[in-house]
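# Working through the structure, step by step
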Amino acid sequence: MKHTPSWIPPRGAAHLTAVSHRVDAGQRAQRHGHGGGVIWLTGLSGAGKSTLAMALEAQLLQQGYACYTLDGDNVRRGLNANLGFSPADRSENIRRIGEVAALFADAGLVCITAFISPYKADRATARAAAQAIGTHFAEVHVAADLPTCEARDPKGLYRQARAGQLREFTGIDAPYEPPESADLVLGADHESEADSLARLVAFVTSRHPMC
């Protein structure tokens, strides 16, 4: 089922005036040693998104990159603590993260995100947020299938969903719309974590080479 984000800009947004920065992207790249961008990991719960994102962050930092990871569970403890898991709340969750990630990238960081982000339209909105301010966006599909994720089930969420204790759980009674043209696909159900990480690091450093 196709999903359309329901968020509507608040009244008065048309009267806002953006304030220009006195620092441009080139100056930020010179300061950090590389350009900014968003690396958006998407996939089912249990696919390994958070593990790969945090490992990527650590390796990039070792190579001198300015980077930061936004993780789904972490963000829902603070910024998005008021959101649930209805389709509308999922869309708003991703909309907010897309905007925050774009700001991190605009500041010159490589911003890594790890979110199920089940709807294509919402991921497109996140991409548009980055592109609107001139930063790079890459969609990375951590493509573990449902049987693999259920077998892993590190948080016991699939067991709870199958038992009816969790409603609207992605892959069980809520949809996941896989990317049709991801910038990178990691075969988390048929390649090792080390191989996935090596390919991910190579992908990111090729898109954001050190100056």
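The structure displayed is predicted, hence computed values, not measured ones. (Residues numbered from 1 in each chain as written. Predicted model: local features only at pLDDT ≥ 70, side-chain atom pairs only at ≥ 80, totals over all residues. Heavy atoms only, no water.)

## Notes on the overall build of the chain
Definition in use: Where helices and strands are cited, they refer to DSSP runs of H or I of at least four residues and of E of at least two residues respectively, numbered from the N terminus. Two things to know: the radius of gyration comes from C-alpha atoms, and the globule rule equals 2.2 Å times the number of residues to the power 0.38. To sort residues, take the accessible area from a 1.4 Å probe on protein chains only and compare it with the maximum for the residue type: under 20% means buried, over 50% means exposed, and anything in between is partly exposed. Contact criterion: two residues are considered in contact whenever any of their non-hydrogen atoms come within 4.5 Å of each other. Note on areas: Shrake-Rupley with a 1.4 Å probe; residue coverage comes only from the protein chains shown.
For the chain, the helix and strand inventory stands at eight helices and five strands. Along the chain, helices and strands appear, N-terminal first, in the series α-β-α-β-α-α-β-α-β-α-α-β-α. Taken over the C-alpha trace, the chain has a radius of gyration of 17 Å; the compact-globule value for 211 residues is 17 Å, and the two agree within 12%. Overall size of the chain, expressed as C-alpha extent along the three principal axes, is 55 × 45 × 30 Å. When burial is assessed residue by residue, the chain has 45% of its 211 residues classed as buried. Nonlocal contacts in the chain, meaning residues at least 24 apart in sequence, comprise 76% of its contacts between residues at least 6 apart. Taken as a whole, the chain presents about 11100 Å² of accessible surface, with 54% of it coming from carbon and sulfur.

## Considerations on the packing of aromatic side chains
How we decide: Ring pairs shown here join Phe, Tyr and Trp side chains whose ring centres sit within 6.5 Å, with only the six-membered ring taken for Trp; geometry is labelled stacked below 30 degrees between planes, edge-to-face above 60, and tilted in between. Remark: a charge is flagged as sitting over a ring if the NZ atom of Lys or the CZ atom of Arg is within 6 Å of the ring centre and within 35 degrees of the ring normal.
Counting across every chain of the model gives four aromatic pairs. Aromatic side chains W40 and F115 sit 5.9 Å apart centroid to centroid with 25° between the ring planes, which places their arrangement in the stacked category. Residue W40 is found in strand β1 (residues 37-42), and its partner F115 is found in the loop between β3 (110-114) and α5 (120-132); the two are separated by 75 residues along the sequence. For W40, a relative accessible area of 0% corresponds to the buried category. Grouped by ring-pair contacts, the aromatic residues W40, F115 and F137 constitute a single cluster. Geometry around F85 places R76 over its ring, the cationic atom sitting 3.9 Å from the centre.

## What to know about the layout of surface pockets
Heads up, the rule is: A cavity, in this analysis, means grid points on a 1 Å lattice covering only the protein atoms where a 1.4 Å probe fits yet has no way out; a pocket is instead an open set bounded by protein on both sides within 12 Å along at least five of seven lines, and a residue lines either one if it has an atom within 4 Å of a point. Grid points are joined across faces, edges and corners, and a volume is the space filled by probe spheres set on the points. Three classes are used: nonpolar for Ala, Val, Leu, Ile, Met, Phe, Trp, Tyr, Cys and Pro, charged for Asp, Glu, Lys and Arg, and polar for all others, with Gly counted as polar.
Its boundaries defined by the atoms lining it, the largest pocket holds a volume of some 810 Å³. Along the wall of the largest pocket there are 36 residues; nearest its centre are S45, G46, K49, I116 and K155. Among the secondary structure elements, those contributing two or more residues to the lining of the largest pocket are α2 (49-62), α3 (72-75), α4 (87-106) and α8 (193-207). For the lining of the largest pocket, the residue count by class is 13 nonpolar, eleven polar and twelve charged. Lining the second largest pocket we find 16 residues, and of these A25, G35, G36, G134 and H136 sit closest to its centre. Elements supplying a minimum of two residues to the lining of the second largest pocket: α1 (25-32) and α4. For the lining of the second largest pocket, the element with the most residues is α1, which contributes four residues. By residue class, the composition of the lining of the second largest pocket is five nonpolar, eight polar and three charged.

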